[in-house]
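Residues per chain are reported as follows:
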Amino acid sequence: MNFLSELFANVGNVTWQHAVMWCIGGVLIYLAIAKKMEPALLLPIGFGTILVNLPLSGAVTQGEEVGVLTLLFDSGIANELFPLLLFIGIGAMIDFEPLLSNPKLFLFGAAAQFGIFFTLSMARLFNFDLHDAASIAIIGAADGPTSIFVANVLNSQYIGAITVAAYSYMALVPIVQPPVIRLLTTKTERRIRMAYTPGSVSKTTKILFPVLITAVVGIVSNRSAALIGFLMFGNLLRECGVLNSLSDAAQNVLSNLITLILGITITAHMTAAEFLRVDTLLILGLGLIAFVFDTVGGVLFAKIMNLFVKNKVNPMIGAAGISAFPMSARIIQKMGQQEDPQNFLLMHAVGANVSGQIASVIAGGIILNMIH
Amino acid sequence: MFNVPAFLDSLQYMAKGMTGVFLVIAAIILSIYLLNRVFKAK
């Protein structure tokens, strides 16, 4: 009898908070598998959420006993290593040609960072301290590694919730963006066609681009030097033409491996005690505000731009200026074709979308420069 | 519940931040135009 009571002693440590976290983990796993929403991240996060919320779970540090997820967090996220390594893979995946052939698209990447700064102010309104407000605001970067990097440098206590919000909303871009775009544009605007001239960028330009971006962004915004440097290093591997096997490894093996570890490691900070707070719900709400106002910033900027240019821009392209690559570009292409089946906006949208990737890193660096 | 002074104080970050992003992006755009001009595609 004693043996049985010892065997099941830990059952008595289960609390309703644990049960809620298991449900959250279950929902994340469901969304990953059944709805195919960012499965590479939501599935490890979902499973990890259940794992760390088992009573006295050995996966996270309990008193003197070091847990493996806490160890991975301290050695891979607390020092920003995993997000940076992931950026090499992301850089190797991105083709910047649509952007290089029409550099004006960069402006949409800049405009669509509006949600970050708007959310910073909203988070301050809700009484978050400045460092936490900036960390929450960076959810609007629509870029997981940048969100983790900035929240970590600013030592935010909400890093778990921020990461979940960033990746969840990236997965929800197809649901969040279309209604906002429709609200801000007319049918005629959504039908605007744009010409595209492919093949106008030389190989030398493509090779020099990552070096140039690293130098410009690294000098101006020194705190984002590592982020932009690793992103552009990955892109240089892709474009140099002599390191194809390394480029392949970065795009596939490296990014898959880091994504796998990153997802489950983040959950070290998704214990019930840290996650089940009113603040967390507020952070999820503010994350949505960030994505909505990113979209608003991009679309309105395109509409203002149209007042001054001869060749009109389809304002939906502005919405693709967020960093959620390539989902946002695909949505714009789909919405364009819904209005006019002969309208091909994909390459312009991809250009704006990859510019958002760079602009979000710049915004993250600027936030760190201003606040850290 | 609402901290209006903190909100108003934070608006400076919005102004400075967006200006900063646009300035860096403008520098990048100019650099790309220069690159495209110097190294034209064959």
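Here the residue numbering is sequential within each chain, running from 1 through the sequence in written order. Note on labels: chains are lettered from A, ligands numbered from 1, in written order. With pLDDT at 70 or above as the cut-off, local features in this predicted model cover only qualifying residues; side-chain atom pairs require 80 or more to be listed or tallied, and sums for whole chains, interfaces and linings still use all residues. Only hydrogens and water are set aside when side-chain values are computed; all heavy atoms of the structure are taken into account.

Counting 121 residues, the largest nonpolar core has Phe106(A), Ile317(A), Ile358(A), Ile367(A) and Ile28(B) as the members making the most contacts within it. What counts as a helix is a DSSP run of H or I of at least four residues, what counts as a strand is a run of E of at least two, and both are numbered from the N terminus. With 13 residues, helix H21 (residues 346-371) of chain A is the largest single contributor of residues to this core. In this description, contact between two residues means that some pair of their heavy atoms is separated by no more than 4.5 Å. Not counting the four nearest positions on each side in its chain, Ile317(A) is found in contact with Leu105(A), Phe108(A), Met194(A), Ile332(A), Leu345(A), His348(A), Ala349(A) and Ala352(A). To form a nonpolar core, buried Ala, Val, Leu, Ile, Met, Phe, Trp, Tyr and Cys residues must be joined to one another through side-chain atoms within 4.5 Å. Categorising residues by exposure relies on relative accessible area from a 1.4 Å probe, with only protein chains included: less than 20% of the type maximum marks a residue as buried, more than 50% marks it as exposed, and the intermediate range marks it as partly exposed.

Moving on, we get to the packing of H21(A) against helix H1 (residues 4-38) of chain B. Under this scheme, a helix contributes an axis fitted over its contacting stretch, all axes are lines through C-alpha atoms, and angles between N-to-C directions fall in the 0 to 180 degree range. As a packed pair, H21(A) and H1(B) sit with axes 9 Å apart at the nearest point and diverge in direction by 135°. By the criterion of interaxial angle, the relationship of H21(A) to H1(B) is oblique. Regarding H21(A) and H1(B), the two cross each other, and that crossing is right-handed. Mapping the contact onto sequence places Ile358(A), Ala359(A), Ile362(A), Ala363(A), Ile366(A), Met370(A) and Ile371(A) in H21(A) and Tyr13(B), Lys16(B), Gly17(B), Gly20(B), Val21(B), Val24(B), Ile25(B) and Ile28(B) in H1(B). Note on residue classes: Ala, Val, Leu, Ile, Met, Phe, Trp, Tyr, Cys and Pro are nonpolar, Asp, Glu, Lys and Arg are charged, and everything else, Gly too, is polar. Of the residues belonging to the contact of H21(A) with H1(B), the class tally is twelve nonpolar, two polar and one charged. Here the angle decides the label: under 35 degrees means roughly parallel, over 145 means roughly antiparallel, 65 to 115 means roughly perpendicular, and every other value means oblique. Left-handed is the label given to a crossing in which the near helix is rotated counterclockwise from the far helix by less than a right angle, and right-handed is the label when the rotation is clockwise.

Moving on, we come to the interface of chain A and chain B. The interface of chain A with chain B comprises 40 residues on the first partner and 29 residues on the second. Take the accessible area each of two parts loses on contact, using a 1.4 Å probe, and add the two losses: that sum is the buried area. Between chain A and chain B lies a buried interface of about 3,100 Å² when both sides are counted; carbon and sulfur atoms form 81% of it. The working definition used for a salt bridge is a side-chain nitrogen of Lys or Arg within 4 Å of a carboxyl oxygen of Asp or Glu. Our enumeration of links across chain A and chain B arrives at zero salt bridges. Residues adjacent in sequence count toward polar contacts only when both atoms are side-chain atoms; beyond that, a polar contact is any pair of N or O atoms within 3.5 Å, and within protein one must be able to donate a hydrogen and the other to accept it. One can count six residue pairs in polar contact (both at pLDDT 80 or more) joining chain A with chain B. Mapped by element, the contributors of at least two residues to the side of chain A that touches chain B are helix H7 (106-111), helix H8 (114-125), helix H14 (203-220) and H21 of chain A.

Per-residue confidence for chain B gives a mean pLDDT of 91, with 98% of residues at or over 70. What the predictor reports for the complex is a pTM of 0.85 with an ipTM of 0.94. Every residue is assigned a pLDDT by the predictor, reflecting its confidence on a scale from 0 to 100.

Quick look at the packing of H8(A) against helix H18 (residues 278-306) of chain A now. Residues and elements named next belong to chain A. Between H8 and H18, the least distance of the axes is 7 Å, while the angle of their chain directions is 140°. As the angle between them shows, H8 and H18 are arranged oblique. For the crossing formed where H8 meets H18, the hand is right-handed. Facing Phe-114, Gly-115, Ile-116, Phe-118, Thr-119, Met-122 and Ala-123 of H8, the residues of H18 in contact are Leu-286, Ile-289, Ala-290, Phe-293, Asp-294 and Gly-297. Here the residues of the contact of H8 with H18 sort into nine nonpolar, three polar and one charged.

Turning our attention to the pattern of salt bridges. Think of it this way: side chains of opposite charge can pair up when their charged atoms draw near. Residues and elements named next belong to chain A. A full pass over the atoms with the stated rule returns seven salt bridges over all chains. Residues Glu-189 and Lys-303 are paired through a salt bridge, measuring 3.1 Å at the closest nitrogen-oxygen approach. Taken together, the positions of Glu-189 in helix H13 (residues 187-190) and Lys-303 in helix H18 put the pair 114 residues apart, joining distant regions of the chain. Judged by its relative accessible area of 18%, Glu-189 falls in the buried class. Residue Asp-279 is joined to Arg-277 by a salt bridge in which the shortest nitrogen-to-oxygen separation is 3.9 Å. Under the relative-accessibility criterion, Arg-277 is labelled partly exposed at 30%. Salt bridges sharing common partners tie together Lys-187, Arg-190 and Glu-339.

If you check UniProt for "transmembrane region" (unreviewed entry), the listed places come out as residues 20-39 of chain B in our numbering. Across residues 20-39 of chain B, helical content stands at 95% and strand content at 0%; the span's end C-alpha atoms are separated by 28 Å. UniProt positions are given in the numbering used here, feature names are shortened, and annotations may be inferred rather than shown by experiment.

Here we come to helix H10 (residues 144-153) of chain A. Summarising burial for H10(A): nine of the ten residues are buried, a large majority. Two residues or fewer past H10(A), Asn155(A) is found with a positive phi of approximately 55°.

So, on to empty space enclosed by the protein. Residue and element names in this part refer to chain A. Cavity: a set of points on a 1 Å grid over the protein atoms alone where a 1.4 Å probe fits but cannot get out. Pocket: an open set with protein on both sides within 12 Å along at least five of seven lines, its lining residues, like those of a cavity, having an atom within 4 Å of a point. Grid points are joined across faces, edges and corners, and a volume is the space filled by probe spheres set on the points. Under the defined criterion, the tally for this structure stands at one cavity of 30 Å³ or more. Of the volumes computed, that of the largest cavity is approximately 50 Å³. If you go around the largest cavity, the residues you meet are Gln-157, Tyr-158, Ile-159, Gly-160, Ala-161, His-269, Glu-274, Phe-275 and Thr-280. Looking at the lining of the largest cavity, the elements with two or more residues in it are helix H11 (159-171) and helix H17 (272-275). Broken down by element, the lining of the largest cavity gets its largest block of residues, three residues, from H11.

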